[in-house]
Amino acid sequence: MDRLWLFLIPLGILVLLEALWPRRRRVLSRQARWPGALLLLGIGMILTRLIAPAGLVGLAAWAGANNIGLLPQLNVPIWAIALLGYVVFDFAVWAQHVAMHRFDILWRFHRVHHADPDFDVMTALRFHPGEILVSFLWKGAIVVLIGVPAIFVLWYEVALNLGAMFNHANLRLPTWIDRWLRWFIVTPDMHRLHHSTDHQEANRNFGFLIPWWDRLFRLYQAQPQAGHERMEIGQKTWRGASDQSLLALLLQPRHKP
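Here the structure is a predicted model, which is why all the values come from computation and not from measurement.

Caption draft 1: Structural detail: the confidence of the model for the chain. When the pLDDT values of the chain are averaged, the result is 92; 98% of them are 70 or greater. Of all the helices and strands in the chain, helix H3 (residues 55-65) carries the lowest mean pLDDT, 87, while helix H9 (residues 188-192) carries the highest, 97.

In structure tokens, the structure reads:
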């Protein structure tokens, strides 16, 4: 229940901030877009609970109890394990995101996230159950491989969810704040470019939390060429209200790129 409030309260705050200081004018109404995204979220949560009732935290606890993973074998303080685990885990999430764009079968599922013609906090929750399953299996393998303590897996999952909601927010930040923040975290202006219909821009700025992976691998672009207000978000197709229904989102991966 505490984790649910850690999701609902920031979500409500960001929805309010989006209404007060929007970055872009909406293409579709919330009524057209949000129900499908929320239903996808619900299906994904049920799916992961059916596969692993205790989730990634439970998997990490099992690995820790059996002394499985690389980090527990290192004779280093717990804070060092936490820091190393955070960095390695975040890189794994970044690498998975890149793979979602590189491989056709993965892109078909991830495209559901990118086919949103708008960009706001609800976009952060809009993932096909197929992608959620792939992501869960990948992160589960990383949890077992590196052996991050369960409490740190919980903290990272919370941080990842909060970071994703923040950097998908339709929120106008002062330029100087955005310029300063993006040295430490991924900002909405930084990630919005990744949702451009321009293929080259959509293959930039993959990060969710640590903003340095894209710079390190030369996949960083500071601003969209058309500017944030004029850039086109989403895909060239699936832009209508009927494309945002639960059934349309679930069936979208059957279409070729």
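Caption draft 2: Focus on the environment of Ile132. Assignment of secondary structure puts Ile132 in helix H6 (residues 129-146). A sequence separation of 19 residues divides Ile132 from His113, and the C-alpha atoms of the two residues are 11 Å apart. The residues touching Ile132, leaving out its near neighbours within four places in the chain, are Leu40, Gly44, Thr48 and Phe127.

Caption draft 3: Just the packing of aromatic side chains, in detail. The tally for this structure, following the rule as stated, stands at nine aromatic pairs. Between the aromatic rings of Tyr86 and Tyr156, the centroid separation amounts to 5.6 Å while the plane-to-plane angle is 70°, which identifies the pairing as edge-to-face. Pair noted here: Tyr86 is in helix H4 (residues 78-102) and Tyr156 is in helix H7 (residues 150-167), with a separation of 70 residues, a long-range link. Residue classification places Tyr86 among the partly exposed residues on the basis of a relative accessible area of 32%. For Tyr156, a relative accessible area of 4% gives the class buried. For the cation-ring pair, Arg215 lies above Trp183, with the distance from its terminal atom to the ring centre recorded as 5.1 Å. Between the NZ or CZ atom of Arg215 and the centre of the ring of Trp212, over which it lies, the distance is 4.8 Å.

Caption draft 4: Quick look at the pattern of salt bridges. Under the defined criterion, the tally for this structure stands at 13 salt bridges. For Asp189, the salt bridge is made with Arg23, and the minimal N-O distance between the two is 2.8 Å. Of this pair, Asp189 sits in helix H9 while Arg23 sits in the loop between helix H1 (2-20) and helix H2 (30-51); the two residues are 166 residues apart in sequence, bridging distant segments of the chain. For the pair Asp189 and Arg23, a shared accessibility class is recorded, and that class is buried. Note that Glu232 is salt-bridged to Arg239, the shortest N-O span being 3.9 Å. Here the residues in one salt-bridge network are Arg23, Arg172, Asp189, Arg192 and Glu229, joined through shared partners.

Caption draft 5: A look at a nonpolar patch on the surface. Together, Leu4, Trp5, Leu8, Ile9 and Ile13 make up a nonpolar patch on the protein surface, roughly 470 Å² of accessible area in all. Locating Ile13 in the fold gives a position in helix H1.

Caption draft 6: Inspection of the environment of Leu209 at higher detail. With respect to the element layout, Leu209 can be found in the loop between helix H10 (199-202) and helix H11 (212-216). Exposure remark for Leu209: the relative accessible area of 10% places this residue in the buried category. In sequence terms Leu209 and Val93 are 116 residues apart; their C-alpha atoms lie 9.5 Å from each other. Setting aside chain neighbours within four positions, we find Leu209 in contact with Tyr86, Asp90, Tyr156, Ala159, Leu160, Gly163, Phe184, Ile185 and Val186.

Caption draft 7: Here's a closer look at the environment of Ile151. Within the fold, Ile151 resides in helix H7. Along the chain, Ile151 and Leu11 lie 140 residues apart, while their C-alpha atoms are 23 Å from each other.

Rules behind the numbers
Residues numbered from 1 in each chain as written. Predicted model: local features only at pLDDT ≥ 70, side-chain atom pairs only at ≥ 80, totals over all residues. Heavy atoms only, no water. pLDDT = per-residue confidence, 0-100. Helix = DSSP H or I, 4+ residues; strand = E, 2+ residues; numbered from the N terminus. Contact = heavy atoms within 4.5 Å. Phe/Tyr/Trp six-rings, centres within 6.5 Å; stacked < 30°, edge-to-face > 60°. Buried < 20%, exposed > 50% of the residue type's maximum accessible area, 1.4 Å probe, protein only. Lys NZ or Arg CZ within 6 Å of the ring centre and 35° of its normal. Salt bridge = Lys/Arg side-chain N within 4 Å of Asp/Glu carboxyl O. Patch = residues over 30% accessible without salt bridge, like charges linked within 9 Å, V, L, I, M, F, W, Y side chains within 5 Å. Areas by Shrake-Rupley, 256 points an atom, 1.4 Å probe, with all protein chains shown as cover.

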